[in-house]
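# Residue-level structure breakdown
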Amino acid sequence: MRGQSLLFVLLVTVAVGPADVWAASKNGLFHLGRVATPEEIQAWDIDVAPGGEGLPAGSGTVEEGQRVYAKHCAGCHGATGVEGPSPKLVGGQGTLASAHPVKTVGSYWPYATTLFDYIYRAMPFVAPQSLTPHQVYAVTAWILFQNGLLDKAAVLDRETLPKVRMLNRTGFVPDPRPDVNRPGS
Amino acid sequence: MTDKNEKLTPDERELGVLSHDTPVTTRPKEPPTRRAFLTGATSLFGVAAAHVLLAPFLGHAANVSGDPTRVPGALATEYGRRSPFERAKRLTKPQRSRTPLQDLHGIVTPSALHFERHHNGVPLIDPAKHRLLVHGLVERPLLFTIGELKRFPSTSRLAFVECSGNSGKEWKGPKGKTVQEIHGLTSTSEWTGVRLANVLSEAGLAPGATWMLAEGSDAAAMTRSLPLNRVLDEALLCYAQNGEPLRPEQGYPLRLLVPGYEGSTCVKWLRRLKLVASPVMTREETSKYTDLMPDGTARQFTFEVEAKSVITTPSGGQRLKKTGYVEIRGLAWSGRGRVEKVEVSVDGGKNWRTARLQAPILPKCHTRFCLDWWWDGGEAVLQSRCIDETGYRQPTRQELVEVRGTNSYYHYNAIQSWQIDKEGNVRNVQV
C-alpha cells in the first residue's frame, strides 16, 4: 500500500509538473515569523536618535542628577567624572588635536542623545537598564553640566535634550579610505 | 614522552626544534604475554572492563607512559576534546580574549579558540525564548523564533571576523610581545545562517529605510547602525559556526555577520533589527570605533577591514633553536575581497619574495601563506605584506602613520616586523 501511494504521488508530480510541487510561494516570501504587537515593540524599542526620536517621557535636573551620579556612577567614573577608573566623562576640551587627546562626553561626543541612549541601555555597568527615564535625564544633565554644556538650573526632557549643542558636533568625517596606498597610486 | 618534552611549549613543538631528541618506543625483545598484560591492566575484570577503568584517565599524561599499541585505548565519547598534549589557549582579559594564531594551522579557527569581545559579559540565552524583532520602517513588524529563522533557506560561508581594535596598541610603538597578544583579535569560521535580505523581505521595506540598527540582548544591549545598501548583499543572520550552533561568546543563539566589516558591526545575541532613515549615532559608532586624526577630526563608519597580514611562525616570543630550513607561515586577509598576493621579506623590507598561498583562497576570509627559508643563524627582520584583489597593498607603519598620526587606536593594518637575533629569539619591532 505504501509503495502504491508513493507511486501515485510520483505520477501526479510528473503529470502536473514540478513547479506546483516545489514552489511554495509565488511572491518569493516564506511566510515565516508573526506580526509583532505594539506592546512587544515598545518593550524593546529603547534607542534614541540625534533628533530626539525615541526619548521617553520624563525630565531631570542637574541637582537630581548629582545625587543619581553619586549613588550609581561615581564608584566607577570617580567623584566628579574625571577620576576614573572607568572612562573619563568630563574635561578634555581642546585636546583632540594634541599628542595626548582626552576623549570625554564633553570633548568628543557629538550628540547629547547618545549619552541618554547609552546610559538608558547599558548603565550602571553592574545593573544595566535599572534607572528610570527620570534618573537618566537627571544624570545626563549632571554630566553635561560638569562639562560646561548646560546651566545649573537646566531641566532636560525629550524637548530640551536634543537641543544641547555639543562641542564636537561637527568633528566627525566620513571614512575616506583607502587613504594609504590607494590602488594605482 | 620524556620529562624534557613535557616541558616544551606548543611553540617549541610547532617549530619541531627537538624532533630528533624524542626517543622512539621500541618493541621489547620478549613481547608480554596476554596474561601478563591483563594482569597488569585489569586482572579480574577482563578487557571490556579495562576500557571502563581506563576511560576516566583519558586526559592524564600519566596514562601514556607505555606503548599505545599494547594497551586498549579509550572508548568513544559523546562530545570530543583535544589531546591533553595540546594546550593552545586564548589570552584572556575580562571582556576580550585573543586567538593563539601562532598555534593554528590552515585557516579555520577552532570555535573554542575564536577571539571574544563583549561589552558587558557573555549572556546565557535560552534559544527557545529568544526572539528577533524586525521593525521600524517596514510594512509589517515581525517577530521570529530561532526555529523559524532556521526554516529559511540556509547559507554557509567562511569569513574572518576582526575586531577593529586588533593591533591597536601598535599605533604607539612596538607594545605587544607575541602575535597572539598583538593580532589575536581576528579569527575565521564557517558561518551558517539566513540571508538578512530574506528576513527583511518578509517584513517588507518601507520608503526611507536606508539604515539598519542592530541590537544585541547582552547586558550592553550592543548597538550599531549599518547602511542597508552596502550590507544587504552579503549580511547573514547566523545561528551556526563551524557546523554546530554558535558558541555563547560568539552570539548564541543568533548573530549578525557582515563579511569584511569591523567585528563590532557583527552584533551578537541579536534580538532587534530596526529600519531607520539615518544612523542612530550610538555610543559604539561615535565615542568608540572612530579614529582621531592629527587635525582633531575623527573618522566615522570605518567599516571595511583593509588588507592585512602577519607572519605567525616564526613570531614574537618564539625561538629558532637550529639553523636550516624554516617554513615561514602566516595569515593574510582583506575585508574588500580576496587576497591576491602575499610578499615576504627577511631583511626588513629591502627584498621581497612572493609567498605560496594555500587553497582555499576565499573573499573576506583568512588565507594561509607559506614561504621556504633557510636561516643561516644571522640577524633577520621578517615582514609580510598583503595585496588584495582591489590592488590595495598593506602599508608600512611609516606610510600609515604619515597619513593618520598615532591617535587612531582602531583600524591598524601596518606591516608587522619580527626581528630575529643571532640566538634565534624573535621579537616585535617597528622598522
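Residues numbered from 1 in each chain as written. Chains lettered and ligands numbered in written order. Predicted model: local features only at pLDDT ≥ 70, side-chain atom pairs only at ≥ 80, totals over all residues. Heavy atoms only, no water.

## Re the overall build of chain A
Within chain A, the regular secondary structure consists of seven helices and four strands. Order of helices (α) and strands (β) in chain A, N terminus to C terminus: α-α-β-α-β-α-α-α-α-β-β. Per-residue burial for chain A yields a buried fraction of 39% across its 185 residues. A separation threshold of at least 6 residues defines the contact pool for chain A, and within that pool the share at least 24 residues apart is 55%. A total of about 10,300 Å² of accessible surface is found on chain A, and carbon and sulfur atoms cover 60% of it. (Helix = DSSP H or I, 4+ residues; strand = E, 2+ residues; numbered from the N terminus. Buried < 20%, exposed > 50% of the residue type's maximum accessible area, 1.4 Å probe, protein only. Contact = heavy atoms within 4.5 Å. Areas by Shrake-Rupley, 256 points an atom, 1.4 Å probe, with all protein chains shown as cover.)

## Structural notes on the interface of chain B and chain A
Between chain B and chain A, the residue contacts involve 64 residues of the former and 47 residues of the latter. Overall, the association of chain B and chain A removes approximately 4,700 Å² of surface from exposure, summing both partners, and the carbon and sulfur fraction of that is 57%. Inspection of the chain B/chain A interface yields eight salt bridges. Between Lys274 of chain B and Asp45 of chain A there is a salt bridge whose closest N-O contact spans 2.9 Å. Where chain B touches chain A, the interface holds 25 residue pairs in polar contact (both at pLDDT 80 or more). Tallying contributions element by element places helix α9 (residues 397–404) of chain B first for the side of chain B that touches chain A, with four residues. For the side of chain B that touches chain A, the per-class residue count stands at 24 nonpolar, 19 polar and 21 charged. For strand β1 (residues 34–35) of chain A and strand β5 (residues 142–145) of chain B, the ladder comprises two bridges, and the chain directions are antiparallel. Within β5 of chain B, the position partnered with Arg34 of chain A by the bridge is Leu143 of chain B. (Buried area = accessible area lost by both parts, 1.4 Å probe. Salt bridge = Lys/Arg side-chain N within 4 Å of Asp/Glu carboxyl O. Polar contact = N/O pair within 3.5 Å; in protein donor to acceptor, adjacent residues only side chain to side chain. Nonpolar A, V, L, I, M, F, W, Y, C, P; charged D, E, K, R; others polar. Pairing = 2+ DSSP bridges.)

## Some words on unusual backbone geometry
The linkage connecting Gly84 of chain A with the following residue, Pro85 of chain A, adopts the cis geometry, with an omega of 10 degrees. Within the secondary structure layout, Pro85 of chain A lies in the loop between α5 (74–77) and α6 (112–122). Between Tyr252 of chain B and the following residue, Pro253 of chain B, the backbone shows a cis peptide bond with an omega angle of 10 degrees. You can see Pro253 of chain B is positioned in the loop between β11 (244–245) and β12 (255–257). Not every positive phi belongs to a glycine, and His31 of chain A is a case in point at roughly 55 degrees. Counting through the fold element by element, His31 of chain A comes out in the loop between α2 (18–22) and β1. Its identity is not glycine, yet Asn242 of chain B carries a phi of approximately 50 degrees, on the positive side. Mapped onto the secondary structure, Asn242 of chain B falls in the loop between β10 (236–241) and β11. Relative accessible area serves as the criterion here: at 25%, Asn242 of chain B is assigned to the partly exposed category.

## Re the packing of helix α4 (residues 62–72) of chain A against helix α7 (residues 133–146) of chain A
Residues and elements named next belong to chain A. Where α4 contacts α7, the axes come no closer than 7 Å and their chain directions differ by 95 degrees. By the angle class used here, α4 and α7 are roughly perpendicular. Residue-level inspection shows Val62, Glu64, Gly65, Gln66, Val68, Tyr69 and His72 of α4 in contact with α7, the latter providing Gln135, Ala138, Val139, Ala141, Trp142 and Phe145. Considered class by class, the residues forming the contact of α4 with α7 number eight nonpolar, four polar and one charged. (Axes fitted to C-alpha atoms, helices over the stretch in contact; angles between N-to-C directions. Parallel < 35°, antiparallel > 145°, perpendicular 65-115°, else oblique.)

## Remarks on the sheet that holds strand β9 (residues 223–227) of chain B
Across the sheet, which stays open at both edges, the six strands sit in the order β1(A)-β5(B)-β4(B)-β13(B)-β8(B)-β9(B) with mixed pairing between neighbours. Unpaired on one side and paired on the other, β1 of chain A together with β9 of chain B mark the two borders of the sheet.

## Side note on the confidence of the model for chain A
In the predicted model, chain A carries a mean pLDDT of 90, and the fraction of residues at 70 or more is 85%. Throughout residues 6–17 of chain A the model reports pLDDT below 50, and contacts reaching past four residues in sequence, or to other chains, amount to two contacts. (pLDDT = per-residue confidence, 0-100.)

## Points about the nonpolar core
Residues Leu132, Val134 and Leu237 of chain B are the most contacted members of the largest nonpolar core, which totals 49 residues. In this view, Leu237 of chain B contacts Leu132, Thr192, Gly193, Val194, Leu196, Val199, Leu254, Arg255, Leu256, Leu270 and Leu273 of chain B; residues no more than four positions away in its chain are not counted. In terms of nonpolar packing, the next biggest core, distinct from the first, is built from 37 residues, Val105, Tyr118, Leu161 and Phe172 of chain A among them. (Core = buried A, V, L, I, M, F, W, Y, C linked by side-chain atoms within 4.5 Å.)

## A word on helix α7 (residues 196–203) of chain B
Within α7 of chain B, seven of the eight residues are buried, which leaves it mostly tucked inside the rest of the structure. Backbone geometry just downstream of α7 of chain B places Gly204 of chain B in the positive-phi region, at approximately 75 degrees.

## Observations regarding the side chain of Arg385 of chain B
All names here are of chain B. Inspection of the secondary structure assignment puts Arg385 in strand β22 (residues 380–388). According to the relative accessible area criterion, Arg385 is buried, its value standing at 16%. Separated by 2.6 Å, the side chains of Arg385 and Glu343 make a polar contact. Discounting residues that sit within four places of it in the chain, Arg385 has contacts with Ser309, Lys341, Val342, Glu343, Trp352, Arg393, Gln394 and Ile415.

## Quick notes on the packing of aromatic side chains
All names here are of chain B. Summed over all chains, the structure comprises 14 aromatic pairs over all chains. With a centroid separation of 5.1 Å and 40 degrees between ring planes, the pair formed by Tyr289 and Tyr410 is classed as tilted. Separated by 121 residues along the polypeptide, Tyr289 in the loop between β13 (270–276) and β14 (291–292) and Tyr410 in the loop between α9 and β23 (417–420) bring together distant segments of the chain. According to the relative accessible area criterion, Tyr410 is buried, its value standing at 9%. Through a chain of ring-to-ring contacts, three or more aromatic side chains come together here, namely Trp211, Tyr261, Phe301 and Phe303. Sitting over the ring of Tyr392, Arg336 keeps its end group 5.6 Å from the ring centre. Taking the ring centre of Trp352 as reference, the NZ or CZ of Arg385 above it sits at 4.0 Å. (Phe/Tyr/Trp six-rings, centres within 6.5 Å; stacked < 30°, edge-to-face > 60°. Lys NZ or Arg CZ within 6 Å of the ring centre and 35° of its normal.)

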